[in-house]
Amino acid sequence: MGINIRSTIEVPLEASKIFLVADFSLLSDFQFSGNEIDYINRKKAEEKERDLFIFNRYDFLLVVIIPELGIPITEAAEKIRRNSALIQKSLKEEKFNRVALIDLVGSKDFILALAEGLSLSCYLFDKYKSKQENPESLEIEVISRSFTGCEVTRLRKVVEAVFFARDLVNEPGAFLTANRIGEIVSDTAKKHGFTAEVYNKEKIEEVKMGGLLGVNRGSVEPPTFSILQWKPDQAINSKPYVVIGKGVTFDTGGINLKTAPGSIDTMKCDMSGAATVLALLAAVSANQLPVHVIGLIPATDNRLGGNAMVPGDILTMHDGTTVEIINTDAEGRLILADAISYARGFDPGLIIDLATLTGSAAMAIGTHGMVGMGTANKEVMENLTVAGEATGERIAWFPFWSDYDEALKSEVADMKNLGGREAGAITAGKFLSRFTSAPFIHLDIAGPAYLTTRANYRGIGGTGVGVRLLYKFFESLVSPPPK
Ligand code: BES
Ligand code: ZN
Ligand code: ZN
């Protein structure tokens, strides 16, 4: 498995080809027969919705995608990404591993979506299979006047970062311990030229991260806290953007063990936020994006053990706030709160956390998007919304009214770690927001982070959701899209 995308100018005869086209008569310049073009014209007249044609020429595929016009460009681009997953399946079945993408529409957004969707569809996690499923990599050549080789390279690095995030999520908890996360952070930093510091348990005790230490109490693996920094000379922001990822390497629920059928099965994915933060720093630094970004990753597993925290315990957090534990399964907010409060030392312009935080968020909107909320201004939310639509990593904004604060009041401590039965995703976000006065966005990715059934270019298992969203968000701050 692998991808290799490059830009080229010559249409290779023997490769499979995918044409983005609005005017079918242009196809006659290529390898299509008159019959095939007639067929496309006839079918398109019969079925207006149809936007994909695949012809098997035995040595290669000839594919036509007709981008939908008259709908927002972002929606049409997402349809292309999803179609590309179908095409990838056919290519794989036929063992065709060379494909050229040919842009006959002249749209940068569409050809990029095609290259992105096709390469993301190739992802496979076969590290633990004794026989690798598809050792061949797919060679993708892009032929378009609308964009440059640099843009292809940039896209490739972002796709590689998504694969990296997916790999981390798919790794079992026994492999991806908190220490291992720290090691991978350091290796990735060296590879891409950002800086990293990894705190061990002693250092975490020294800085008094009571939330992270509390969750770690039932574990035999020590926690880590990683600080990643990409600070280019020409950064456009004077105050850094801090991104924080939940790094629960496995969530058993702790003493409040996850006993509901199926609820524990996929909990190796509970470090998806951490994976996204690490991969995002890799992408931003690999592409030398002029944005000052700091990543924070609190990491531990959440387990039962002789010394595990129990309901009724009171933790003193990094900022001195005391928290009454109502439920040990509401652990993500405890480790994130310490990271959010630690971020104060960087005087952030914006804090964004990504976390598989609540089943409530997943129940509310399913896997089709993430839940967002926070205190940052409208412009930040609008920019995130636009980046979400452009990447297909959409955000559903939830209310963040002060009314929800009530639910976190405790009789015995400054607050408790669980609200009531209602609005669980929001009260979790409210809990986090207490730990900073900086503009804050919380993205709950519990729904889309990990898929148990295959879904188009997002695949199955870890999706790496949030990498493309936040990369796009930062990129759009550097060069805002035309209004
Ligand atoms: N890691 C879970 C949330 C989660 C659920 C992630 C489903 C991915 C898929 C989180 O730590 C958790 O256990 N949340 C509990 C909170 C409960 C104790 C109030 C939940 O949402 O059920
Ligand atoms: Zn939990
Ligand atoms: Zn969790």
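Up top is the structure these notes are about.
What this report covers is the structure whose coordinates are included nearby. (Residues numbered from 1 in each chain as written. Chains lettered and ligands numbered in written order. Predicted model: local features only at pLDDT ≥ 70, side-chain atom pairs only at ≥ 80, totals over all residues. Heavy atoms only, no water.)

## Some remarks on the nonpolar core
Here is step 1: Judged by nonpolar contacts, the single largest core of 90 residues is most densely connected at Leu101, Leu470 and Phe474.
Here is step 2: Considering each element in turn, this core owes the most residues, 10 residues, to helix α4 (residues 149-170).
Here is step 3: In this structure Phe474 touches Tyr241, Val243, Leu280, Val284, Leu289, Val291 and Val293, once residues within four positions along its chain are discounted.
Here is step 4: Listed in part, the 38 residues of the second largest apolar core include Leu213, Tyr342, Ala343 and Phe440. (Core = buried A, V, L, I, M, F, W, Y, C linked by side-chain atoms within 4.5 Å. Buried < 20%, exposed > 50% of the residue type's maximum accessible area, 1.4 Å probe, protein only. Helix = DSSP H or I, 4+ residues; strand = E, 2+ residues; numbered from the N terminus. Contact = heavy atoms within 4.5 Å.)

## A closer look at the sheet that holds strand β12 (residues 314-316)
Here is step 1: In space, the three strands of this open sheet follow the order β12-β13-β17, with mixed pairing throughout. The open sheet is flanked by β12 and β17 (415-416), the only strands paired with a single partner.
Here is step 2: Sheet topology note: the β12/strand β13 (residues 322-324) ladder contains three bridges and is antiparallel. Along β13, the bridge assignment pairs Thr316 with Thr322. (Pairing = 2+ DSSP bridges.)

## Concerning the coordination of the zinc ion (ligand 3)
Here is step 1: Bound to the zinc ion (ligand 3) are the protein donor atoms Lys246 (NZ), Asp251 (OD), Asp270 (OD) and Glu331 (OE), situated 2.0 to 2.4 Å from the metal.
Here is step 2: Summarised as a motif, the one-chain spacing of the donors to the zinc ion (ligand 3) is K-x4-D-x18-D-x60-E.
Here is step 3: Between the zinc ion (ligand 3) and the zinc ion (ligand 2) the interatomic distance amounts to 3.2 Å, and Asp251 serves as a bridging ligand to the pair. Note that Asp270 is positioned in the loop between β10 (247-251) and α8 (272-286) and Glu331 in the loop between β13 and α9 (332-342), a separation of 61 residues in sequence. Of the two residues, Asp270 and Glu331, neither departs from the other in class, the shared state being buried. (Donors = N, O, S within 2.8 Å, 3.2 Å for Na, K, Ca; no water.)

## Examining the packing of aromatic side chains
Here is step 1: Inspection of the entire model under this criterion finds 15 aromatic pairs.
Here is step 2: Ring plane angle 45° and centroid distance 5.5 Å describe the contact between Phe473 and Phe474, whose orientation is recorded as tilted. For the pair Phe473 and Phe474, a shared accessibility class is recorded, and that class is buried.
Here is step 3: What links up through ring pairs into an aromatic cluster is the set Phe19, Phe30, Phe32, Tyr39, Phe53 and Phe55.
Here is step 4: If you follow Lys17 out to its NZ or CZ, it ends over the ring of Phe60, 4.4 Å from the centre.
Here is step 5: Sitting above the plane of the Phe175 ring, Arg180 keeps its charged end 4.3 Å from the centroid. (Phe/Tyr/Trp six-rings, centres within 6.5 Å; stacked < 30°, edge-to-face > 60°. Lys NZ or Arg CZ within 6 Å of the ring centre and 35° of its normal.)

## Comments concerning empty space enclosed by the protein
Here is step 1: Evaluation of the coordinates by the stated rule reveals one cavity of 30 Å³ or more.
Here is step 2: Within this model, the largest cavity holds a volume of roughly 50 Å³.
Here is step 3: Taken together, Leu168, Leu176, Ile181, Ile184, Met271, Ala274, Ala275 and Leu278 make up the lining of the largest cavity.
Here is step 4: Of all the secondary structure elements, the ones that give two or more residues to the lining of the largest cavity are α5 (178-192) and α8.
Here is step 5: Ranked by the residues each element gives to the lining of the largest cavity, the list is headed by α8, at three residues.
Here is step 6: Its residues placed into classes, the lining of the largest cavity shows eight nonpolar, no polar and no charged. (1 Å grid on protein atoms, 1.4 Å probe; cavity = no way out; pocket = protein on both sides within 12 Å on 5 of 7 lines; lining within 4 Å. Points joined across faces, edges and corners; volume = space filled by probe spheres on them. Nonpolar A, V, L, I, M, F, W, Y, C, P; charged D, E, K, R; others polar.)

## Quick word on the pairing of strand β15 (residues 370-374)
Here is step 1: Judged by how many residues are buried, β15 sits mostly within the fold: five of five residues are covered.
Here is step 2: What you see with β15 is no split at all: Met370, Gly372 and Gly374 on one side and Val371 and Met373 on the other are buried throughout.
Here is step 3: Two strands pair when backbone bridges link them, and β15 and strand β16 (residues 395-397) are joined in this way by three bridges, in the parallel orientation. Each residue of the ladder has a partner; that of Val371, found in β16, is Ala396.
Here is step 4: Crossover connection from β15 via helix α11 (residues 378-391) to parallel β16: handedness right-handed. (Right-handed = clockwise from strand over helix to strand, strands pointing away.)

## Some details on the site of ligand 1
Here is step 1: Residues in contact with ligand 1 amount to 14 residues; listed here are only the nearest, Asp251, Lys258, Asp329, Glu331 and Gly359.
Here is step 2: Residue Asp251 places a side-chain N or O atom 2.9 Å away from an oxygen atom belonging to ligand 1.
Here is step 3: Side-chain polar atom of Asp270 to a nitrogen atom of ligand 1: 2.9 Å apart, as the coordinates give it.
Here is step 4: In isolation ligand 1 offers 510 Å² of accessible surface; the protein chains occlude 77% of this area.
Here is step 5: Residues of the shell around ligand 1, tallied by class, amount to four nonpolar, four polar and six charged. (Near = heavy atom within 4 Å. Polar contact = N/O pair within 3.5 Å; in protein donor to acceptor, adjacent residues only side chain to side chain. Areas by Shrake-Rupley, 256 points an atom, 1.4 Å probe, with all protein chains shown as cover.)

## Some words on the coordination of the zinc ion (ligand 2)
Here is step 1: Coordination of the zinc ion (ligand 2) by the protein comes from Asp251 (OD), Asp329 (O), Asp329 (OD) and Glu331 (OE), over a distance range of 2.0 to 2.2 Å.
Here is step 2: Seen from the zinc ion (ligand 2), its six donor atoms lie at angles of 69 to 167°, and the figure they make is irregular.
Here is step 3: With relative accessibility at 3%, the residue Asp251 sits in the buried group. (Tetrahedral: all angles 85-135°; square planar, octahedral: opposite > 155°, others 65-115°.)

## Re the sheet that holds strand β2 (residues 16-20)
Here is step 1: Strand order in the open sheet made by the six strands is β1-β6-β5-β2-β4-β3, with mixed pairing throughout. The outermost strands of the open sheet, each flanked by one partner alone, are β1 (3-7) and β3 (52-56). The mean inter-strand angle of the sheet, taken between neighbouring strand axes irrespective of direction, is 15°.
Here is step 2: Pairing of strand β5 (residues 98-103) with strand β6 (residues 138-143) involves five bridges; the strand directions are parallel. Looking at β6, one finds that Ile102 is bridged to Ile143.
Here is step 3: Against the sheet, helix α1 (residues 34-46) makes contact with β3 and β4 (61-65), and its axis sits at roughly 150° relative to β3, the strand it touches most. (Axes fitted to C-alpha atoms, helices over the stretch in contact; angles between N-to-C directions.)

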